[in-house]
Amino acid sequence: MIGIFKNNLFINSLLLLPYIIILRVKSLLSPAGYSVIEEDTFLVKSLFEWISSPLLQSILAILLIYVHTVYINRLVIKHRLAPQITLLPGLVYAVLVSMMPEFTPLSPHLLANSVILIVIGQLFKIYKSPKVADNIFNVGFWIGVASLLVPNYIYLIIIGLFSIFILRSVKRKELVQLFSGLFTLFFIVVGSMYIYDMPILEEASKMNFSPHLSIFSIRGVEIYKFAGWALLAVFAVVNYNTYTLKKSIQAQKKINILFWFLFGSAVLLLLVSDVVAFNALLACIPLAIFINVNLINTKNPLIQELIHVLFLILLFSLNFGMI
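Residue positions are given per chain, counting from 1 as you read along its sequence in written order. Restriction of local features to residues with pLDDT of at least 70 applies here, the model being predicted, together with a cutoff of 80 or more for giving and counting side-chain atom pairs; totals for whole chains, interfaces and linings are based on all residues. Hydrogens and water molecules were not included; the side-chain quantities draw on all heavy atoms of the structure.

## With respect to the packing of helix H5 (residues 88–96) against helix H14 (residues 284–297)
For the pair H5 and H14, interaxial distance at closest approach is 8 Å and the crossing angle is 125°. If you check the angle between H5 and H14, you find them oblique. Crossing of H5 against H14: the hand is right-handed. Contacts from Leu88, Pro89, Val92, Tyr93 and Leu96 in H5 reach Cys284, Ile285, Leu287, Ala288, Ile291, Asn292, Leu295 and Ile296 in H14. In this description, a line fitted to the C-alpha atoms serves as the axis of each element, helices being fitted only across the stretch in contact, and the angle between N-to-C directions of two axes falls anywhere from 0 to 180 degrees. What counts as a helix is a DSSP run of H or I of at least four residues, what counts as a strand is a run of E of at least two, and both are numbered from the N terminus. Working rule for angles: under 35 degrees goes down as roughly parallel, over 145 as roughly antiparallel, 65 to 115 as roughly perpendicular, anything else as oblique. In this scheme the crossing of two helices becomes right-handed for a clockwise turn of the near helix relative to the far one and left-handed for an anticlockwise turn of less than a right angle. Throughout, a residue-residue contact means that at least one pair of heavy atoms, one from each residue, lies within 4.5 Å.

This is the structure:
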């Protein structure tokens, strides 16, 4: 099956949609809606009040993941982040974001992945570009949007800052542009909340800037699940030279940015007040791109298929409660 997606053909890209439907068939057979919690922002509460149907959420999640896969494939191909042009980065992403039953509902973290992909796309455009003001502004603006979905994503502004330093010699005005994008969004949001008499301070308190270290309090099967994601992250770090080998300086810098986002997703686990599986969704973006390179470098197609099948067995076993 994996051989179908080794060719960058339009029809093969369309086939990713039925592939995702198969991966997430459990969400269609037994749809589970996202349960809004007190810590969610007003935007999340309003959004899920509007799309309260579990089945509709499952369908929207499938469509959203498909859009993500197409965008990730485009990023990898356009910026030459892999040794071959394939559709495998999107395929790997689809598998990762469908791996656990907790990923079944449409969640704020999955929605935020849409925004983070836009942020990464804007960052990649900055390298050696003479006009970057709009791109840098957009990075700050879209990180602000992500924080309206997942409050702790406000910390990603630091990753955005580091990424700009990686890509170019930063001028003071460019730092102003980055934070102007962030503050412009917050100015619009706070102004709107004031007009509609919404609790501004209550919403601001959800962006908690103190570490909670609640990850050290998880117990039971959750330990094994997060250990699995940790192993994937360690695997990516160990293979750093593999991902940058024979790459242009431009591609190497962009791969470094992806590693910063992977690092950022790990740091966020130390800051959340309640560690949930959704926290792993951010890591799926860089991991999908990295694991794709490992698959391509595995020259034996039978071994590639075997790795793919093993991941699918694990996915369906977890989603259907077999393990």
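## Re the pattern of salt bridges
Counted as salt bridges are all cases of a side-chain nitrogen of Lys or Arg within 4 Å of a carboxyl oxygen of Asp or Glu. Under the counting rule described, the total for this entry stands at 2 salt bridges. For lysine 45, the salt bridge is made with glutamate 38, and the minimal N-O distance between the two is 3.8 Å. Using a 1.4 Å probe on the protein chains alone, a residue whose accessible area is under 20% of its type maximum counts as buried, one over 50% counts as exposed, and one in between counts as partly exposed. By relative accessible area, which is 53% here, glutamate 38 ends up exposed. Residue glutamate 174 pairs with arginine 168 through a salt bridge whose shortest N-O separation is 3.2 Å.

## Some details on a nonpolar patch on the surface
The grouping of Met1, Ile4, Leu9, Phe10, Ile11, Leu14 and Leu15 at the surface amounts to a nonpolar patch, some 680 Å² of accessible area in total. As for its placement among the helices and strands, isoleucine 4 is situated in the segment before helix H1 (10–23). A residue is classified by how much of its surface remains accessible, and isoleucine 4, at 40% relative accessible area, is partly exposed. Patch construction takes residues with relative accessible area above 30% that form no salt bridge. Like charges are linked within 9 Å, and nonpolar side chains (Val, Leu, Ile, Met, Phe, Trp, Tyr) are linked within 5 Å. For the area figures, the Shrake-Rupley method with a 1.4 Å probe applies, and any residue is considered shielded solely by the protein chains shown.

## Side note on the nonpolar core
Core analysis: the largest hydrophobic core is formed by 102 residues, its most contacted members being Tyr93, Leu96, Ile116, Leu123, Tyr153, Trp229 and Leu287. Leave out the neighbours within four places in its chain, and tyrosine 93 touches Ile65, His68, Thr69, Ile72, Leu110, Asn113, Cys284, Ile285 and Ala288. Put simply, buried Ala, Val, Leu, Ile, Met, Phe, Trp, Tyr and Cys residues joined by side-chain atoms within 4.5 Å make one nonpolar core.

## Describing the environment of serine 129
Position of serine 129 among the secondary structure elements: in the loop between helix H6 (108–124) and helix H7 (133–149). Judged by relative accessible area, which is 18%, serine 129 ranks as buried. Residues serine 129 and arginine 168 lie 39 residues apart in sequence; the distance between their C-alpha atoms is 9.2 Å.

## With respect to empty space enclosed by the protein
Here a cavity denotes grid points, spaced 1 Å and computed from the protein atoms alone, that fit a 1.4 Å probe unable to get out, and a pocket denotes an open set having protein on both sides within 12 Å along at least 5 of 7 lines; residues with an atom within 4 Å of a point are the lining. Grid points are joined across faces, edges and corners, and a volume is the space filled by probe spheres set on the points. This structure, assessed with the given rule, holds 3 cavities of 30 Å³ or more. Here the largest cavity is characterised by a volume of approximately 110 Å³. Taken together, Ile2, Leu91, Val92, Val95, Leu96, Ile291, Leu295, Ile307, His308 and Phe311 form the lining of the largest cavity. At the level of secondary structure, the elements contributing two or more residues to the lining of the largest cavity comprise H5, H14 and helix H15 (301–319).

## Section: the packing of aromatic side chains
Any two rings among Phe, Tyr and Trp, with Trp reduced to its six-membered ring, count as a pair given centres within 6.5 Å; such a pair is stacked if its planes are under 30 degrees apart, edge-to-face if over 60, and tilted if neither. Throughout the structure, instances matching the rule amount to 13 aromatic pairs. On the basis of an interplanar angle of 10° and a centroid distance of 4.9 Å, the ring pair of tyrosine 243 and phenylalanine 290 is categorised as stacked. In this pair, tyrosine 243 sits in helix H12 (residues 240–244) while phenylalanine 290 sits in helix H14, placing the two residues 47 residues apart along the sequence. You can call phenylalanine 290 buried: its relative accessible area is 1%. Each ring, one from tryptophan 260 and one from phenylalanine 263, has its centre 5.6 Å from the other, and the planes form 85°; the classification is edge-to-face. Of this pair, tryptophan 260 and phenylalanine 263 are both found in helix H13 (residues 249–269), 3 residues apart, which corresponds to roughly one turn of the helix. According to the relative accessible area criterion, tryptophan 260 is partly exposed, its value standing at 28%.

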